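The primary structure of each chain is shown beneath.
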Amino acid sequence: MYNKPGKEFDREIFKNPTNEYAVSYSWNWNAPISKEGIIERLDGFAEAGIKCLYILPMPKDFRPERLRTFMDPEYLTPEFFELVSFALREAKKRGILAWVYDEGGWPSGGACGATIRQNPDAILYKPAAREITLECDERFVPEEGFIALFDGKRRLPDDYITTRKRTLTAYYLVPEYYENNRIDGTSETAVDTFIENTYEGYKKAIGDMFGEDMPLFFTDEPGLLRETCAKGIFDKFIKEYGYDLRDYIYVIPNEGDEAITEDEIRARIDWATLTGKLFRKNTYEKLENWCEKNGVYFSGHLDLDNRPWGAVAKGYFSHIDILRHFHVPGIDVIWEQIRYPRGEGAVDDETRGFGFFPRLAPSAARVEGRNVTLTETFSIYGDGVTPDEIKYALNYQAVRGINCFNILGLPYGKSRCSALMMRPAFCPEKPGFFNLKHINEYYERLSYLLRLGYAEGDTALYHPCADFAGGNE
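The structure presented is a predicted model; accordingly, all values stated were derived computationally and were not measured. (Residues numbered from 1 in each chain as written. Predicted model: local features only at pLDDT ≥ 70, side-chain atom pairs only at ≥ 80, totals over all residues. Heavy atoms only, no water.)

**Q** Quick one: what's the story with the packing of helix α13 (residues 387-398) against helix α15 (residues 436-450), residue by residue and with numbers?
**A** In contact at an axis separation of 12 Å, α13 and α15 are set at 10° when each is read in the N-to-C sense. Relative to α15, the element α13 is oriented roughly parallel. Facing Pro-387, Ile-390, Lys-391, Leu-394, Asn-395 and Ala-398 of α13, the residues of α15 in contact are Ile-439, Tyr-442, Tyr-443, Leu-446 and Leu-450. Of the residues that constitute the contact of α13 with α15, the class distribution is nine nonpolar, one polar and one charged. (Axes fitted to C-alpha atoms, helices over the stretch in contact; angles between N-to-C directions. Helix = DSSP H or I, 4+ residues; strand = E, 2+ residues; numbered from the N terminus. Parallel < 35°, antiparallel > 145°, perpendicular 65-115°, else oblique. Contact = heavy atoms within 4.5 Å. Nonpolar A, V, L, I, M, F, W, Y, C, P; charged D, E, K, R; others polar.)

Given below as structure tokens:
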């Protein structure tokens, strides 16, 4: 459905596009859910010409301190999956195609805390420096998590004995708990735990709909911390590059050092490259393979794709390398990365440095011989967004190769924090909601047109990931 090769123009499909070309909407489950409420809301969606959606669960323990939500039943319980199955089947009755979003909140991977609770290997670790003062003739005694001991940039033996009182720097691996959903995707087992909780749970609940009725899993920006030290990376690093990363561990937690040697730059680049390789293998390849095995497409987007250095900051090393594992690669445009130009002298997105990034997903798709690319757009644009602004942001992406449009969002609950923070909120109570039908029809046809034809020319997009990894230069 989403990976057909280019075709010739068909007037009938252009007049009445099938649901594979429909604008998809995220349906935010941010309040207590009932079968009656599901039916009521789906009726309104159908009347507004919404033909594709996915449920974005927002459990109570997603971000309780920052974004209070009130979804009930609890995420991943039998009652939750029963309501998801009911919603998807009711959507089908109304001619609405359903996707599955693979997380409770975002980013994907944590299963809203279940992954880390069940698998300690999913905990992220990063290097941290501690100053150690030793008396004369005192032996250094490493504690748990020890990496290496340094005098300035000179590495000392792990059992170093001082000849005088001095202060040294010891580096340790320390856990970094970043909300419920940020996990170490370089771990060989963490994503297996995530898949068991989420992908397998959805398969059990709605497996008979996989394929035509539920064609796609959507993953939302799994990423690492910039300083993540992958599980077993020191032994893997020696095997891969022939030298010891621990000799240069002091360059990993820092950015933009002025006095940095070529060897230190090389160590940073090699560390970032290997981290990205392990992340691709243990997260994205696994998700891609699961989807292929179960007859559905793998889609979604990465984090910080609007920043040239974003791939290094999130542990990907290269956005494009990761996106090549998506059957439908996507980009993230929810934070006004593309703004409607206002007034004389307005700074456009090319000048601001954001203009390149819609090309990332089409570039990845082109390399793999695929022709469908996705955008997740709006969510934090505000309720004042107009049809002209909607068209500007989406058309800006369309002419750069995006041809599958996902708009946020449809709130289930229309009050309290999450409904107020995630705007625009499209619902029948908002003026113009039923005029969405015209925008939806426009983008169905545009999506159809942009998937026609065949790629004839090859153009290279150079993305200097190693330069950014070496020091953001």
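**Q** With reference to specific residues and values, describe the sheet that holds strand β2 (residues 52-57).
**A** Pairing within the closed barrel is parallel, and its eight strands lie in the order β1-β2-β3-β8-β9-β10-β11-β12. Across the sheet, the mean angle from the axis of one strand to that of its neighbour is 30°, orientation sign disregarded. Relative to strand β8 (residues 216-220), strand β3 (residues 97-101) runs parallel, the two being bridged by two bridges. Note on β8: the bridge partner recorded for Tyr-101 is Phe-218. Of the strands in this sheet, β1 (24-29) and β12 (404-411) touch α15, which is tilted by about 155° from β12. (Pairing = 2+ DSSP bridges.)

**Q** Describe in detail the side chain of Ser-379, supporting the description with residues and values.
**A** Checked against the element boundaries, Ser-379 lands in the loop between β11 (374-378) and α13. Relative accessible area serves as the criterion here: at 4%, Ser-379 is assigned to the buried category. Not counting residues within four places of it along the chain, the set of residues in contact with Ser-379 comprises Ile-334, Leu-408, Met-421, Met-422, Arg-423 and Pro-424. (Buried < 20%, exposed > 50% of the residue type's maximum accessible area, 1.4 Å probe, protein only.)

**Q** Explain the sheet that holds strand β7 (residues 166-176) to me, and be specific about the residues and the numbers.
**A** Overall, antiparallel pairing links the four strands, which are arranged β4-β7-β5-β6 in an open sheet. Both edges of this open sheet fall to β4 (124-134) and β6 (154-156), since each of them pairs with a single strand only. The mean angle between the axes of side-by-side strands here comes to 35°, regardless of whether they run parallel or antiparallel. Where strand β5 (residues 146-151) and β7 come together, four bridges link them in antiparallel fashion. Paired with Leu-149 across the two strands is Ala-170, which belongs to β7.

**Q** Got a sec to walk through the packing of aromatic side chains? Specific residues and values, please.
**A** Inspection of the entire model under this criterion finds 44 aromatic pairs. Ring geometry for Phe-9 and Phe-14: centres 5.6 Å apart, planes at 55°, overall tilted. A relative accessible area of 47% places Phe-9 in the partly exposed class. Looking at Phe-14, the relative accessible area reads 26%, which means it is partly exposed. Aromatic pair Phe-140 and Phe-146: ring centres 5.2 Å apart, planes at 50°, arrangement tilted. It is Lys-35 that lies over the ring of Phe-86; its NZ or CZ is 5.2 Å from the centre. (Phe/Tyr/Trp six-rings, centres within 6.5 Å; stacked < 30°, edge-to-face > 60°. Lys NZ or Arg CZ within 6 Å of the ring centre and 35° of its normal.)

**Q** With reference to specific residues and values, describe the pairing of β8.
**A** In terms of burial, β8 is largely enclosed, as five of its five residues are buried. Residues Leu-216, Phe-218 and Asp-220 line one face of β8 and the alternating positions Phe-217 and Thr-219 line the opposite face, and both faces are buried.

**Q** An account of unusual backbone geometry is needed here, citing residue identities and associated values.
**A** Here the amide bond leading from Asp-72 into Pro-73 is cis, since omega sits at 15°, within 30 degrees of zero. Structurally, Pro-73 can be placed in the loop between β2 and α3 (78-93). Look at the link from Trp-106 to Pro-107: it is a cis peptide, with omega at -10°. Tracing the sequence through the fold places Pro-107 in the loop between β3 and α4 (114-118). Non-glycine residue Cys-112 carries a positive phi angle of around 55°. For Cys-112, the position within the fold is in the loop between β3 and α4. Residues other than glycine seldom take positive phi values, yet Glu-221 does so here, at roughly 45°. Mapping Glu-221 onto the fold places it in the loop between β8 and α7 (233-241). The exposure class of Glu-221 is buried, given its relative accessible area of 11%.

**Q** Pulling in residues and values, what's your account of the packing of helix α6 (residues 199-206) against helix α8 (residues 262-293)?
**A** In contact at an axis separation of 12 Å, α6 and α8 are set at 15° when each is read in the N-to-C sense. The orientation of α6 with respect to α8, classified from their angle, is roughly parallel. Considering how the two elements wind past one another, α6 and α8 form a crossing that is right-handed. Contact with α6, carried on its side by Tyr-199, Glu-200 and Lys-203, involves Leu-287, Trp-290 and Cys-291 of α8 and no other residues of that element. A per-class count over the contact of α6 with α8 returns four nonpolar, no polar and two charged. (Left-handed = near helix turned anticlockwise from the far one by under 90°.)

**Q** I'd like a rundown of the pattern of salt bridges, residues and numbers included.
**A** Where charged atoms from two side chains of opposite charge come close, those side chains can pair. With the rule as written, the count across this model stands at 31 salt bridges. Asp-213 is the partner of Lys-92 in a salt bridge, and the nearest nitrogen-oxygen pair spans 3.0 Å. Highlighted residues: Lys-92 in helix α3 and Asp-213 in the loop between α6 and β8, separated in sequence by 121 residues. The exposure class of Asp-213 is partly exposed, given its relative accessible area of 23%. Salt-bridge contacts for Lys-236 lead to Glu-188; the nearest nitrogen and oxygen are separated by 3.7 Å. Placement of Lys-236 in helix α7 and of Glu-188 in the loop between β7 and α5 (190-197) is noted, with a sequence separation of 48 residues between them. The network of salt bridges with shared partners includes Arg-155, Asp-158, Asp-244, Arg-246 and Asp-247. (Salt bridge = Lys/Arg side-chain N within 4 Å of Asp/Glu carboxyl O.)

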